[in-house]
Amino acid sequence: MARIIRIAAAQSGPVLRSETRVQTLQRLISMLQDAASAGADLIVFTECALTPFFSHWWIEDEAELDTYYEDAVPGVTTQALFEEAQRLQIGVHLGYAERCVRNGRKRRFNSSVLVDAQGDVIGRFRKIHLPGHADHRPDNPFQNLEKRYFETGDLGFPTWNAFGGVVGMCICNDRRWSETYRVLALGGAELILLGYNTPDHIPEHPELDRLVNFQHQLCMQAGAYQNGCWVVAVGKAGMEEGVSQIGLTSIIAPSGEIVAQSKTTGDELIIHDCNLDDTRVYKEAMLNFEKNRSPEHYQAITAQRGAKTP
Ligand code: CDV
């Protein structure tokens, strides 16, 4: 029997600072209900879906910064969402800013959680490739302070048996790095879920403006094809607190083709039946890792050139 999973990619329009968590959650619940009505097995929300992307502005006050993080997901703040998902029997991928205490030290991560249709947590991921800077750049039209507000993820790139296949996660900038897909695919990933907040302009590099949409798609289409995976990428869209975010939420087949894409800059669902068996022609033939990769040779070349890590 074909392993088809109906996936709803739930793009978020702008989330303003004036919006309450309850209001934002209600927007997500509304998309969840629409996804369930359309028969989706899984809904995928974006990076830091519960708040505006606060890395875009400088926050000095610790108490104010804390208001953007969650101590537990699922937890009190997100209870209504996960209860509704369980009632509707639909899995959930949700990105959020995570705060936790380890050995008496407060730690902050840019995280995502994957929950099954019964409401059980399948797995968690913490973003590894943190873009931006840790210093205040008041001359820029907006900041990109992920290096200040988050630590590098410490969970690696795990994969899980879920939804009839093998699933992995990454977050936003992780999608630009080939090793993200390769490590996940070496772990058997057939489906990669990710959320992102991508502005259409990087203050330090205006010369890249014209390429933003192209490169957003390029890295994911290549990652999907070169690793024989489905990639479901869900964005924030529209003008959020002075930052224009690209949207372009996409579902990408293992062929590298974009099979569904958002058209608006607001809350929008795109839905596709992802056949996990479409990965086979790549994983078992053209891009069969076992038969065709030669990691021992990559090592040798790396050593010759004095590079750090293969
Ligand atoms: N949230 C992100 O990781 N955004 C980056 C931007 C800053 C380039 C991205 O890779 O889309």
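Fair warning: this is a prediction, and the values are worked out from it, not measured in the lab. (Residues numbered from 1 in each chain as written. Predicted model: local features only at pLDDT ≥ 70, side-chain atom pairs only at ≥ 80, totals over all residues. Heavy atoms only, no water.)

Asks: Looking at this model, I keep getting lost on the sheet that holds strand S6 (residues 159-162). Mind explaining?
Replies: In sheet architecture, strand pairing relies on hydrogen bonds along the backbone and comes in two forms, parallel and antiparallel. Read across the open sheet, the six strands follow the order S6-S7-S8-S9-S12-S13; overall the sheet is mixed. The open sheet has two edge strands with one neighbour each: S6 and strand S13 (258-261). Geometrically, the sheet is characterised by an average inter-axis angle of 20 degrees between neighbouring strands, direction not taken into account. As paired strands, strand S7 (residues 165-171) and strand S8 (residues 191-196) are joined by five bridges and run parallel to one another. Note on S8: the bridge partner recorded for isoleucine 171 is glycine 195. Contacting S6, S7, S8 and strand S9 (230-235), helix H5 (residues 178-186) runs over the sheet at an angle of about 155 degrees to S7. Running at roughly 30 degrees to strand S12 (residues 250-252), helix H6 (residues 212-227) makes contact with S8, S9, S12 and S13 of the sheet. (Pairing = 2+ DSSP bridges. Helix = DSSP H or I, 4+ residues; strand = E, 2+ residues; numbered from the N terminus. Axes fitted to C-alpha atoms, helices over the stretch in contact; angles between N-to-C directions. Contact = heavy atoms within 4.5 Å.)

Asks: Help me understand the site of the ligand, please; the structure alone is not making it clear to me.
Replies: Not every one of the 13 residues close to the ligand is listed here, only the nearest: Lys127, Cys172, Asn173, Arg176 and Thr198. One of the backbone N or O atoms of asparagine 197 is found 3.2 Å from a nitrogen atom in the ligand. Across the shell around the ligand, the residue classes tally to four nonpolar, four polar and five charged. (Near = heavy atom within 4 Å. Polar contact = N/O pair within 3.5 Å; in protein donor to acceptor, adjacent residues only side chain to side chain. Nonpolar A, V, L, I, M, F, W, Y, C, P; charged D, E, K, R; others polar.)

Asks: What is the right way to look at the pattern of salt bridges in this model?
Replies: Pairs can form between side chains of opposite charge once their charged atoms are near each other. According to the stated counting rule, one finds 26 salt bridges in the structure shown. For glutamate 98, the salt bridge goes to arginine 126, with nearest N and O atoms at 2.8 Å. Of this pair, glutamate 98 sits in strand S3 (residues 91-102) while arginine 126 is found in strand S5 (residues 121-126), placing the two residues 28 residues apart along the sequence. Comparing glutamate 98 with arginine 126, the two get one shared label, buried. (Salt bridge = Lys/Arg side-chain N within 4 Å of Asp/Glu carboxyl O. Buried < 20%, exposed > 50% of the residue type's maximum accessible area, 1.4 Å probe, protein only.)

Asks: What's the story with helix H3 (residues 79-88) in this structure? I'm lost.
Replies: One full turn of an α-helix is made of 3.6 residues, so residues set three or four places apart face in the same direction. Of the positions making up H3, those classed as buried are Leu81, Phe82, Glu84 and Ala85. Buried residues of H3, seen end-on, are gathered within an arc of 160 degrees and therefore sit on one face of the element. Along its buried surface, H3 packs onto helix H1 (21-37), S3 and strand S4 (105-115). Positive phi shows up at glutamine 89, right after H3, with a value of about 60 degrees. (Arc of directions from axis to C-beta.)

Asks: Which parts of the structure should I look at to understand the sheet that holds strand S1 (residues 4-11)?
Replies: Taken in spatial order, the six strands make up an open sheet running S5-S4-S3-S2-S1-S14, and their pairing is mixed. Edge positions in the sheet fall to S5 and strand S14 (268-275), since each of these pairs with one other strand and no more. Going from strand to strand, the sheet's axes swing by 35 degrees on average, the running direction of each strand aside. Inspection of the sheet shows S4 paired to S5 by five bridges, in the antiparallel sense. Looking at S5, one finds that valine 113 is bridged to arginine 124. Its contacts with the sheet put H3 on S3 and S4, and the angle it makes with S3 is roughly 145 degrees.

Asks: I tried to follow the pairing of S4 on my own but got confused; where do I start?
Replies: Two faces make up the sheet, and in a regular strand the side chains alternate between them. Summarising burial for S4: nine of the eleven residues are buried, a large majority. Note that S3 and S4 share eleven bridges and pair antiparallel. Across the sheet, the residue bridging to glutamate 98 is phenylalanine 109, located in S4. Counting the residues between successive antiparallel strands, the hairpin from S3 to S4 contains two residues, one of them, asparagine 103, with a positive phi of roughly 50 degrees.

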